[in-house]
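What follows is each chain in one-letter form.
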Amino acid sequence: MALLRDPDRPVLFDVVFWVVFAATAVDGFTREKLPIFTVAFAVDLVLLAALWLLLPWNPAAGRRKLLAPAFLLAAIALGMTGSAGTHLPIVLICFANLAFLYGMRLAATVLGVVFVAGFLLTAMLPGRGWADAVVQMAVGVTFAAFVLGMASAVLEARRRREEAQGLLERVRELAVAEERARMARDMHDSIGHHLTVIKVGLENAERFRDLRPADAWDEVRQAKQLTAEALAEARRWVRALRPLALDGHVGSAALERLAGSFDGTGMQVSFEVEGTERRLDPDAELVLYRTLQEGLTNALRHAGASRVHGRLTFDRDSVVLVVGDDGGGSAAGMPGFGLASLDERARALGGAVHAGNAEGGGFEVRAKLPVARS
């Protein structure tokens, strides 16, 4: 089946080839000619069909690109073995294939050589003349210009798509770099503070150990407590740095797995999905993942919450993620650079992220993003 539908081959060319192939076969076999020409015509048709299935359309095909000249010769040979011109669209498709594989300049050059040769051959045939050759050339050039123009448009669209994909990947890399820079600042402020206090406390304990041993042991106990807090903080950052796809999971599975990773932190974390789940854009998935991550991390670090609940709801035109806790809320409203950055990302996708104190108590983070209808 992969041979029957090459992903790099335009669907329109597939349809045109097989329709013209069938018409050429019917026309060729119904015409009266010598048996040897009938056999040659049949062999040429089989060869042409086999080459079409194997013909590459990607310039990175390597040695398979050599099939393109063979396909062109087989298509031209149809006119010498029994076709009365119905095969000409296939010949034009050959030039489009050359444009895909070798570029427009080579395709136009080969086209010019073939048309000049056909013009001279037509003019010298008995019963034909220069007038017939000019008419045939004019018609052929018109259709060839259309086919090469369409091939050029397809190639340009593919080039722009590749550029857009490259730019999108660059944007994602910059977003990841920005997120890592923010996390590095936060990590320095939190863990760095703990380590500084531990260092000062141990230095004090070293000074007090002979003259004031009780105070020295107090400093050691405080350093021990701060070490435990720093270790817990480091573990929280490890969770925050986990990738979007956890063990191959994406979408709600990744969110559910992220929620489960907070087990053992002292909070009871639950997660549910409402509505019929649909496949989301990777950028939308990243915003939802980071929103849940921020909600869980804030509840653990700032809210003093014992329970956190996440709910992912799929509507007709949108997906909504709500992360709520039973903590003390926030007097400052929407906290931190992290949620503000998430709101900017959501707005770039046509959505929004809001955070604030919930009506029934606690703190709530809500992300709403548009979803394309399936």
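Our subject is the structure that appears above.
Procedures and definitions
- Residues numbered from 1 in each chain as written.
- Predicted model: local features only at pLDDT ≥ 70, side-chain atom pairs only at ≥ 80, totals over all residues.
- Heavy atoms only, no water.
- Salt bridge = Lys/Arg side-chain N within 4 Å of Asp/Glu carboxyl O.
- Helix = DSSP H or I, 4+ residues; strand = E, 2+ residues; numbered from the N terminus.
- Buried < 20%, exposed > 50% of the residue type's maximum accessible area, 1.4 Å probe, protein only.
- Core = buried A, V, L, I, M, F, W, Y, C linked by side-chain atoms within 4.5 Å.
- Contact = heavy atoms within 4.5 Å.
- Pairing = 2+ DSSP bridges.
- Patch = residues over 30% accessible without salt bridge, like charges linked within 9 Å, V, L, I, M, F, W, Y side chains within 5 Å.
- Areas by Shrake-Rupley, 256 points an atom, 1.4 Å probe, with all protein chains shown as cover.
- Expected span 1.5 Å × (residues − 1).
- Axes fitted to C-alpha atoms, helices over the stretch in contact; angles between N-to-C directions.
- Parallel < 35°, antiparallel > 145°, perpendicular 65-115°, else oblique.
- Nonpolar A, V, L, I, M, F, W, Y, C, P; charged D, E, K, R; others polar.
- Arc of directions from axis to C-beta.

(A) A look at the pattern of salt bridges. This model, assessed by the stated rule, comprises 11 salt bridges. Across the pair glutamate 203 and lysine 199 runs a salt bridge whose closest N-O atoms are separated by 2.6 Å. Taken as a pair, glutamate 203 and lysine 199 lie in helix 6 (residues 130-208) at a separation of 4 residues, close to a single helical turn. Glutamate 203 gets classed as partly exposed once you look at its relative accessible area, which sits at 33%. Via salt bridges that share partners, Glu156, Arg159, Arg160 and Glu163 belong to a single interconnected network.

(B) Geometry of the nonpolar core. Counting 37 residues, the largest nonpolar core has Phe17, Leu48, Trp52, Phe71, Ile90 and Phe95 as the members making the most contacts within it. Counting only elements with at least two residues in this core, the list comes to helix 1 (11-30), helix 2 (35-54), helix 3 (67-81), helix 4 (88-102), helix 5 (104-124) and helix 6. Among the elements that make up this core, the one with the highest residue count is helix 4 (11 residues). Excluding residues that lie within four positions of it along the chain, isoleucine 90 makes contacts with Phe17, Val20, Phe21, Leu48, Phe71 and Ala75. Counting residues in hydrophobic clusters, the runner-up holds 34 residues, among them Leu280, Ala299, Leu312 and Leu339.

(C) Spotlight on the pairing of strand 3 (residues 318-325). Buried residues dominate strand 3, accounting for 7 of its 8 residues. In the sheet, strand 2 (residues 307-314) pairs with strand 3 via 7 bridges, with the strands oriented antiparallel. When the sheet's bridge partners are listed, leucine 312 is paired in strand 3 with leucine 321. Connecting the antiparallel pair strand 2 and strand 3 is a turn made up of 3 residues. Relative to strand 5 (residues 363-370), strand 3 is paired through 7 bridges, and the arrangement is antiparallel. Residue pairing in the sheet places valine 323 in a bridge with valine 365 of strand 5.

(D) How the structure looks around a nonpolar patch on the surface. A contiguous nonpolar surface patch, about 450 Å² in accessible area, is contributed by Val116, Leu120, Met124 and Trp130. Ranked by residue count, the leading element in the nonpolar patch is helix 5, at 3 residues. With respect to the secondary-structure elements, valine 116 resides in helix 5.

(E) Highlighting helix 3. Under the 1.5 Å per step criterion, the end-to-end length of helix 3 is 21 Å for 15 residues, consistent within 8% with the ideal 21 Å. Turning to helix 3, its buried residues are Ala68, Phe71, Leu72, Ala74, Ala75, Leu78 and Thr81. Positive phi shows up at glycine 82, right after helix 3, with a value of about 155°.

(F) Representation of the packing of helix 1 against helix 2. Packing of helix 1 against helix 2 brings their axes to within 11 Å, and their N-to-C directions diverge by 170°. As far as their axial angle goes, helix 2 and helix 1 are roughly antiparallel. Residues Phe13, Asp14, Phe17, Trp18, Phe21, Thr24, Ala25, Gly28 and Phe29 of helix 1 form the contact with helix 2, whose participating residues are Thr38, Phe41, Ala42, Leu45, Leu48, Ala49, Trp52 and Leu53. Here the contact of helix 1 with helix 2 is composed, by residue class, of 13 nonpolar, 3 polar and 1 charged.

(G) Expanded view of the packing of helix 3 against helix 4. In the contact formed by helix 3 and helix 4, the axes pass within 9 Å of each other and the chain directions differ by 170°. Judged on the interaxial angle alone, helix 4 and helix 3 are roughly antiparallel. Residue-level inspection shows Ala68, Phe71, Leu72, Ala75 and Ile76 of helix 3 in contact with helix 4, the latter providing Ile90, Val91, Cys94, Phe95, Asn97, Leu98, Leu101 and Tyr102. Looking at side-chain class alone, the contact of helix 3 with helix 4 contains 12 nonpolar, 1 polar and no charged residues.

(H) Expanded view of helix 8 (residues 252-260). Considered for burial, the residues of helix 8 that qualify are Ser252, Ala254, Leu255, Leu258 and Ala259. Mapping the buried residues of helix 8 onto a view down its axis gives an arc of 160°, with all of them on the same face.

(I) Representation of the pairing of strand 2 in the model. Bridge count for strand 1 (residues 268-274) against strand 2 is 7 bridges, and the pairing is parallel. By the bridge assignment, serine 270 is partnered in strand 2 with histidine 309.

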